[in-house]
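Summary of the model geometry
One-letter residues, chain by chain:
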Amino acid sequence: GLNDDYPDVPKQLKQPYSEDALQRLINKQKGTERGKRKEVLVVFDDVLGDKKADRSSLILYCYAIGRHINLNPILSSQVSNRVLTPTVKANSDYILLSRLNRQHILNIWEAITNMEKREFVDFIEEVNKDYKFAVVDMTSQSNSPEDFLMVVKAEAPKNKPINERGKEEGAEEKSQHFLSPPSHK
C-alpha cells in the first residue's frame, strides 16, 4: 500500500503501480488528438520493489515514446543499477543523485559519465553531504564535467515555525541554488 509520503498531493492522484492503469493512460493519450492532449506527469516513486514494475515495458515505453503523446515520466528510486537502463538514460533530460553508497556511485559512473572514476566518486561523495543533489544534465553536448554536472541545494525559508507535519508554516517553494561542480584537475 501507499504510505503518507507527499501529503500535499491529493489522494485521488496517488495510486499503487498498475500495468492496467498505465496502459489505459497511454491508450487515452494516444487516442486523443495531438492538439487536445493534456500534458501528464507520471511519477514512479520506488516502484522497482514491485515485480510488475521492475523492467516494465510500459515504463520504458513512457521514456521512449512518452514525449510524443504528452506523457512525462519521473522515476524515483534508491536502486540505481536497475533504474538507469539504456532506454531511461537515453530519454532522460536530467538525473538527480543524492545519498548514495559507493556501489551505487560506481554503477552510475559506469552508466552516465566519461569522467575519471576517482574524480566522479569524490564529487558525488562531497555532494552527499548536507542534503545536496548532484544533477547530471543529459541534454548537454559537452564532455566537460563543468557543463553537465551541477549541485542543487534546497533551503528552507528562515525563521518559519514548523507545523505538526514537519513542514514550515507558510512555506512556498524552496529556493534552488545551482552551483558549479568543484574544479577538476
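Please refer to the structure placed before this passage.
Computed from a prediction, not measured in an experiment: that's the story for all the values here.

What counts as what
Per chain, residues are indexed from 1 in the order of the written sequence. For this predicted model, a pLDDT threshold of at least 70 governs which residues receive local features, and a threshold of 80 or more governs which side-chain atom pairs are given and counted, while totals over whole chains, interfaces and linings are taken from all residues. Only heavy atoms go into the side-chain values, all of them from the structure, while hydrogens and water stay out. To obtain each axis, a line is fitted to C-alpha atoms, and for helices this fit is confined to the stretch in contact; angles are then taken between N-to-C directions over 0 to 180 degrees. Runs of H or I in DSSP of at least four residues are treated as helices and runs of E of at least two as strands, each being numbered from the N terminus. Convention used here: angles under 35 degrees read as roughly parallel, angles over 145 as roughly antiparallel, angles from 65 to 115 as roughly perpendicular, and any remaining angle as oblique. Throughout, a crossing is termed right-handed when the near helix is turned clockwise from the far one, and left-handed when it is turned anticlockwise from it by less than a right angle. The contact definition used throughout considers only heavy atoms, calling two residues in contact when any of these lie within 4.5 Å. In the scheme used here, Gly and all other residues not listed as nonpolar or charged are polar, with Ala, Val, Leu, Ile, Met, Phe, Trp, Tyr, Cys and Pro taken as nonpolar and Asp, Glu, Lys and Arg as charged. Definitions used throughout: a 1 Å grid over protein atoms alone; a cavity as a set of points that fits a 1.4 Å probe which cannot get out; a pocket as an open set with protein on both sides within 12 Å along at least five of seven lines; a lining residue as one with an atom within 4 Å of a point. Grid points are joined across faces, edges and corners, and a volume is the space filled by probe spheres set on the points. Categorising residues by exposure relies on relative accessible area from a 1.4 Å probe, with only protein chains included: less than 20% of the type maximum marks a residue as buried, more than 50% marks it as exposed, and the intermediate range marks it as partly exposed. Charge counting treats Lys and Arg as positive and Asp and Glu as negative, with His and both chain ends excluded. One speaks of a salt bridge when a side-chain nitrogen belonging to Lys or Arg is within 4 Å of a carboxyl oxygen belonging to Asp or Glu. Polar contacts, as counted here, are pairs of nitrogen or oxygen atoms within 3.5 Å of one another; within protein the pair requires one atom able to donate a hydrogen and one able to accept it, and residues that are adjacent in sequence qualify only if both atoms are side-chain atoms. Nonpolar core, defined: a set of buried Ala, Val, Leu, Ile, Met, Phe, Trp, Tyr and Cys residues in which side-chain atoms within 4.5 Å join the residues together. Pairs of strands are assigned from DSSP output, requiring at least two bridges between the strands.

1. Some remarks on the packing of helix 1 (residues 19-31) against helix 2 (residues 57-65)
Contact geometry for helix 1 and helix 2: axes closest at 10 Å, N-to-C directions at 30°. In terms of axis orientation, helix 1 runs roughly parallel to helix 2. Classified by chirality, the crossing of helix 2 by helix 1 is left-handed. The segment helix 1 lies against helix 2, with Glu19, Leu22, Gln23, Ile26 and Lys30 engaging Leu58, Ile59, Tyr61 and Cys62. The residue inventory of the contact of helix 1 with helix 2, partitioned by class, reads 6 nonpolar, 1 polar and 2 charged.

2. Comments concerning the layout of surface pockets
Taken as a whole, the second largest pocket holds about 160 Å³ of empty space. Along its surface, the second largest pocket is lined by Ile112, Thr113, Asn114, Val136, Asp137, Met138, Ser140, Ser142, Asn143 and Phe148. The residue inventory of the lining of the second largest pocket, partitioned by class, reads 4 nonpolar, 5 polar and 1 charged.

3. Structural notes on the side chain of Arg37
Secondary-structure assignment places Arg37 in the loop between helix 1 and strand 1 (40-45). Look at Arg37: it is buried, it has no salt bridge, and the nearest opposite charge is Glu39 at 8.5 Å. Among the polar contacts made by the side chain of Arg37, one reaches the main-chain carbonyl oxygen of His68 at a distance of 2.9 Å. Ignoring sequence-local partners within four residues, the contact set of Arg37 consists of Gln29, Lys30, Thr32, His68, Ile69 and Asn70.

4. Considering the nonpolar core
Counting 20 residues, the largest nonpolar core has Leu97, Ile108, Ile112, Phe120, Phe123, Ile124 and Val136 as the members making the most contacts within it. Sorting the residues of this core by element identifies strand 3 (94-97), helix 5 (102-112), helix 6 (117-127), strand 4 (132-137) and strand 5 (149-155) as the ones contributing at least two each.

5. Brief notes about the pairing of strand 3
On strand 3, burial follows the alternation: Ile95 and Leu97 on one face are buried, whereas Tyr94 and Leu96 on the facing-out side are not. The sheet contact formed by strand 3 and strand 4 spans 4 bridges and is antiparallel. Its bridge partner lying in strand 4, Leu97 is registered against Ala134.

6. Considering the pattern of salt bridges
Overall, the coordinates contain 2 salt bridges when judged by the stated rule. Among the salt bridges present, the one from Arg102 reaches Glu125, with a minimum N-O distance of 2.6 Å. With a gap of 23 residues between them, Arg102 in helix 5 and Glu125 in helix 6 connect regions that are remote in the sequence. Residue Arg102 is classed as partly exposed on the basis of its relative accessible area of 40%. With relative accessibility at 28%, the residue Glu125 sits in the partly exposed group. With a shortest N-O distance of 2.6 Å, Arg118 and Asp122 are connected by a salt bridge. One end of the pair is Arg118 and the other is Asp122, both in helix 6 and 4 residues apart, which spans about a single turn. Overall, the relative accessible area of 38% leaves Asp122 in the partly exposed class.

7. Digging into the packing of helix 5 against helix 6
Between helix 5 and helix 6, the shortest axis-to-axis distance is 10 Å and the interhelical angle comes to 125°. Classified by the interaxial angle, the pair formed by helix 5 and helix 6 is oblique. For the pair helix 5 and helix 6, the sense of crossing is right-handed. Here Arg102, Ile105, Leu106, Ile108 and Trp109 of helix 5 lie close against helix 6, whose contacting residues are Lys117, Arg118, Phe120, Val121, Ile124 and Glu125.

Function cannot be inferred from these measures alone, as they are strictly geometric.
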